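Chain by chain, the residues:
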Amino acid sequence: MSARIIDGKALAKKVRRELKARVETFAETHRPPGLAVVLVGDDPASAVYVRNKTRGCRRAGIEHFDHILPADTSQQALIELVDRLAADQRVDGILVQLPLPAHVDARAVLARIPADKDVDGFLPENIGRLVVGEPGFVACTPAGVMRLLDEAETPLEGAEALVIGRSNIVGKPMGQLLLARNCTVTMCHSRTRDLAAHVARADVVVAAVGRAEMVRGEWVKSGATVIDVGTNRVGDKLVGDVEFAAAAERARAITPVPGGVGPMTIAMLLSNTVDSAVRRLGIS
Ligand code: NDP
């Protein structure tokens, strides 16, 4: 079998086009949705992520309020900024780019974001809502993965789904979303004994580890759908957590790296911001 390649770039473009239309309609009767982005320090990867997010906002017609602060910004100053953004009526979403510098307690800063402006879906309240099946913000990367699975018309009902990685921002919400779609979910992590055996049983594999090509193609069950969240720099190349070429020989559908999950993450952030504006100001 040679897998269908799930084109995250094309799907993200479609989502952004739909969002732009929604934003235009919304802004006719209200103000444009607004996203505040806080970046502290000069970590190059974070700077690139923030640039991509603000560019996404601009293209979709979402107003963005950028706060680019020096690395020595105090925790107190950050908390005061987040409090101001929390009270700002033009702001529907607050995104604090992680990681924050070591002298700042990231949890203390994030805790100041009101749950109804937590468009990253990182706060315990939104994670709790996901677990109990109440509406709230879902973390952008797992939300994007669900859209990719649907785009690939992946049968989920009763499927054996395997999530590799249990971080609060990717693995754990991913497991909940798959469970909500009636998958039988297995979560693997660094202490899992026989990862290969779990992969071999899975109809759906979501790899979110951060180790280049650790999921071997030969482990993948014939006809499985494989979503590769991992982004690993190897020399001057970006590779995923899955051995792509070999896995594509066996899978029915697979995401590439780059061009799979990454573009969808930003599209989902924009989508959450528009949803927030709609919820806060009324119908679109
Ligand atoms: P974390 O480092 O927070 O979590 C990694 C997870 O992988 C942990 O749960 C860890 O287990 C598990 N793990 C480590 N080694 C193994 C192993 N040998 N076998 C099985 N599991 C293992 O990473 P994130 O969740 O934040 O991100 C994961 C990857 O996804 C990274 O490459 C990151 O760059 C990428 N990413 C990509 C995004 C995108 O938009 N494309 C967005 C977010 C992340 P344990 O808990 O036991 O330590």
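Look up a bit, the structure's there.
Residues numbered from 1 in each chain as written. Predicted model: local features only at pLDDT ≥ 70, side-chain atom pairs only at ≥ 80, totals over all residues. Heavy atoms only, no water.

## Some details on the sheet that holds strand 3 (residues 63-69)
Argument step 1. Judged by pairing direction, the sheet is parallel, and its three strands sit side by side in the order 3-2-4 without closing on themselves. If you trace the sheet from one side to the other, it starts and ends with strand 3 and strand 4 (93-96), each paired once. Going across the sheet, the axis of each strand differs from the next one's by a mean of 15°, ignoring polarity.
Argument step 2. Note: strand 2 (residues 34-40) against strand 3, seven bridges, orientation parallel. Residue pairing in the sheet places Leu39 in a bridge with Ile68 of strand 3.
Argument step 3. The sheet strands contacting helix 2 (residues 44-60) are strand 2, strand 3 and strand 4, and the helix crosses strand 2 at an angle near 165°. (Pairing = 2+ DSSP bridges. Helix = DSSP H or I, 4+ residues; strand = E, 2+ residues; numbered from the N terminus. Axes fitted to C-alpha atoms, helices over the stretch in contact; angles between N-to-C directions. Contact = heavy atoms within 4.5 Å.)

## What to know about unusual backbone geometry
Argument step 1. With an omega of 5°, the peptide bond running from Leu98 to Pro99 counts as cis.
Argument step 2. Mapped onto the secondary structure, Pro99 falls in the loop between strand 4 and helix 4 (106-110).
Argument step 3. Going from Val257 to Pro258, the amide bond is cis rather than trans, its omega being -5°.
Argument step 4. Assignment of secondary structure puts Pro258 in the loop between strand 11 (253-254) and helix 10 (261-281).
Argument step 5. One non-glycine residue, Glu213, lies in positive phi territory at about 50°.
Argument step 6. Note that Glu213 resides in the loop between strand 7 (204-207) and strand 8 (225-228).
Argument step 7. For Glu213, a relative accessible area of 32% translates into the label partly exposed. (Buried < 20%, exposed > 50% of the residue type's maximum accessible area, 1.4 Å probe, protein only.)

## Concerning a positive patch on the surface
Argument step 1. Taken together, the side chains of Lys13, Lys14, Arg17 and Arg147 present a region of like positive charge at the surface.
Argument step 2. A total of three residues in the positive patch trace back to one element, the largest contributor, which is helix 1 (residues 8-29).
Argument step 3. Summarising the element assignment, Lys13 is placed in helix 1. (Patch = residues over 30% accessible without salt bridge, like charges linked within 9 Å, V, L, I, M, F, W, Y side chains within 5 Å. Areas by Shrake-Rupley, 256 points an atom, 1.4 Å probe, with all protein chains shown as cover. Salt bridge = Lys/Arg side-chain N within 4 Å of Asp/Glu carboxyl O. Lys, Arg positive; Asp, Glu negative; His and termini not counted. Charge placed at Lys NZ, Arg CZ, Asp CG, Glu CD.)

## Comments concerning the site of the ligand
Argument step 1. As a structural note, the neighbourhood of the ligand is formed by 20 residues, with Arg166, Ser167, Ser190, Thr231 and Thr265 the closest of them.
Argument step 2. Interatomic distance of 3.5 Å between a side-chain N/O atom of Arg211 and a nitrogen atom of the ligand.
Argument step 3. One nitrogen or oxygen atom from the side chain of Thr265 is found 2.8 Å from an oxygen atom belonging to the ligand.
Argument step 4. Protein contacts shield 69% of the accessible area of the ligand, which totals 930 Å² for the unbound molecule.
Argument step 5. Of all the elements, helix 10 adds the most residues to the shell around the ligand, at three residues.
Argument step 6. Classifying every residue of the shell around the ligand gives eight nonpolar, ten polar and two charged. (Near = heavy atom within 4 Å. Polar contact = N/O pair within 3.5 Å; in protein donor to acceptor, adjacent residues only side chain to side chain. Nonpolar A, V, L, I, M, F, W, Y, C, P; charged D, E, K, R; others polar.)

## Focus on the packing of aromatic side chains
Argument step 1. Going through the model one piece at a time under the given rule, you end up with zero aromatic pairs.
Argument step 2. In this arrangement the basic side chain of Arg279 is found over the ring face of Phe137, its NZ or CZ atom lying 4.7 Å from the centre. (Phe/Tyr/Trp six-rings, centres within 6.5 Å; stacked < 30°, edge-to-face > 60°. Lys NZ or Arg CZ within 6 Å of the ring centre and 35° of its normal.)

## Remarks on the pairing of strand 2
Argument step 1. For strand 2, the tally of buried residues reaches seven of seven residues, placing the bulk of the element in the interior.
Argument step 2. With burial as the criterion, each face of strand 2 is covered, one bearing Gly34, Ala36, Val38 and Val40 and the other bearing Leu35, Val37 and Leu39.
Argument step 3. Viewed along the sheet, the connection from strand 2 through helix 2 into strand 3 turns out right-handed.
Argument step 4. Bridging between strand 2 and strand 4 involves four bridges; their strand directions are parallel. (Right-handed = clockwise from strand over helix to strand, strands pointing away.)

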